[in-house]
Amino acid sequence: MHKSMLILVTLLVSISLCFSACQSEPAPAPSPEPTPQEMLAPAPEPEPAPEPASEPEPEPAPEPEPKPEPEPPQEPEASIPIIDAHSQVCPENIDKVIELMDQAGVACTILSSGMTSTIGIVTPEELVSFASNYPGRIIPAVRTKVKEGEDYYKILEEQVNMDGFGAMAEVLMYHGTEIPGRPIPLIVAHPDDESVQTALKYALDKEWPFIVHIEFVTAGSQRDVFMTELKALLVQYPEHPFVIIHMGQLDHAAVQQLIEAHDNIYFITSTSLPPPPSANDVDWPWTNMFDRRNLSADWKQLIIDHPDRFILGFDMVFPEQWGQFYLDVVAFWQEAIKELPVEVAHAFAHGNAERLWHLQPSQPITPTLPVEVPPSPDTTPPSAITGLVAADAYDGRVNLWWDKCTAADFARYNIYVSEAEIADTS
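What you are looking at is a predicted structure, and each value in this text was computed from that prediction instead of being measured.

Chemist: Whenever I open this one, empty space enclosed by the protein confuses me. Can you help?
Modeler: To locate leftover empty space, one rolls a probe as large as a water molecule over the atoms. Evaluation of the coordinates by the stated rule reveals 2 cavities of 30 Å³ or more. What the second largest cavity holds in volume is close to 40 Å³. For the second largest cavity, the full set of lining residues is His86, Gln88, Ser112, Ser113, Arg143, Thr144, Lys145, Ala169 and Glu170. Mapped by element, the contributors of at least two residues to the lining of the second largest cavity are strand 1 (83-89) and strand 2 (108-113). Residue composition of the lining of the second largest cavity, by class: 1 nonpolar, 5 polar and 3 charged.

Chemist: How do you make sense of the packing of aromatic side chains when you look at a structure like this?
Modeler: Aromatic ring pairs: the centre-centre distance and the angle between the two ring planes describe each pair. Counted under the stated rule, the structure contains 11 aromatic pairs. Aromatic side chains Tyr152 and Tyr153 sit 5.1 Å apart centroid to centroid with 80° between the ring planes, which places their arrangement in the edge-to-face category. Taken together, a centroid distance of 6.4 Å and an interplanar angle of 40° make the contact between Tyr237 and Phe242 tilted. Its end group placed over the ring of Tyr266, Arg309 keeps NZ or CZ at 5.8 Å from the ring centre.

Chemist: Mind showing me how you'd approach the pairing of strand 9 (residues 265-268) here?
Modeler: It is a general feature of regular strands that their side chains alternate between the two faces of the sheet. Side chains of strand 9 alternate between two faces, with Ile265 and Phe267 and Tyr266 and Ile268 buried alike. Note: strand 8 (residues 242-244) against strand 9, 3 bridges, orientation parallel. Looking at strand 9, one finds that Ile244 is bridged to Phe267. The parallel pair strand 8 and strand 9, bridged by helix 8 (residues 252-261), forms a crossover whose chirality is right-handed.

What counts, and at which threshold
- Residues numbered from 1 in each chain as written.
- Predicted model: local features only at pLDDT ≥ 70, side-chain atom pairs only at ≥ 80, totals over all residues.
- Heavy atoms only, no water.
- 1 Å grid on protein atoms, 1.4 Å probe; cavity = no way out; pocket = protein on both sides within 12 Å on 5 of 7 lines; lining within 4 Å.
- Points joined across faces, edges and corners; volume = space filled by probe spheres on them.
- Helix = DSSP H or I, 4+ residues; strand = E, 2+ residues; numbered from the N terminus.
- Nonpolar A, V, L, I, M, F, W, Y, C, P; charged D, E, K, R; others polar.
- Phe/Tyr/Trp six-rings, centres within 6.5 Å; stacked < 30°, edge-to-face > 60°.
- Lys NZ or Arg CZ within 6 Å of the ring centre and 35° of its normal.
- Buried < 20%, exposed > 50% of the residue type's maximum accessible area, 1.4 Å probe, protein only.
- Pairing = 2+ DSSP bridges.
- Right-handed = clockwise from strand over helix to strand, strands pointing away.

Read these as spatial facts, not as claims about activity.
In structure tokens form, the structure reads like this:
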């Protein structure tokens, strides 16, 4: 009996525990089945998740300022041919011309016979023969200057009728600037004078540019007369090129006015380097196109604006100029050419001369170094030289000239420089 009661109690306890567990975790109620309408309805779109708070957009970085395009690099010096559109040669230095051209890097020279030698002149036959040895590099130009006793019209006719000439040298209309130590005759010839008209007719027939030498500053009170007559020529022959040598001693404004008014006027830039320090505005009549060693801003811009109107030329006149002076002048202009845009530099240095004188395109000449001559071991000083002319070369050097003919031994002179002022120049 006790055993039966124990079993009954244990059973009751188990049932009680089971009932308690059922009460503490009730079974979930069955979900109702969806109706046909609910089954066909589209499922509701899930609510979008809240967007995270956006950070403020950074301000755009400022655009960098556009860098100016660099100017195209200038071509090397030797890649731009150089033509000297007007120079003159004398018997004592004709053999130096090609050597100096090579040293300076000059491709071609329009060359006439000069009249400043004390030993004679280069005859037309000699000039043409000389040029034939260097085809394309020397262009003989008809000489228009004559010495006393020569027949001007006969000299012109003989040269024009010869084979080998390809240009005419400058025609002097007003020429009278004084040069210390050199007698310069005053020459006045108006455009309607027979001498000028004869030369002009030959130039027109040959289609050579007519080079006019008028010193407008030196002309003084006659300046306006010659300017009026020049303009009349330009109008009378509008298709023919008239070239003013030495810039006509004109300033920037006058040159600009002529260029803008006449399509057939051109300018050769000879004798337009800076004046020596001893000169001043009163006694230096020649045009100065430079601000120290650089082209002045107004002249540079005028060349750029009218690149077809300016022609490079050096106009070596006196025998002693065919030497270091020539090399210095060419070097000065070579540096100036580098300041110009490449296309303008080509037109100025050679293109305009080739077009106007109908020349074959020139090839660049790489400058060669001169051969140094060893000094003589003899140190005996020669006699003194008088009449020395000095000019600032604007590069830390001084150019000195003297008459070679008066020196007993021209190759053996030494120059001594003293910082003390020279009181006695005898």
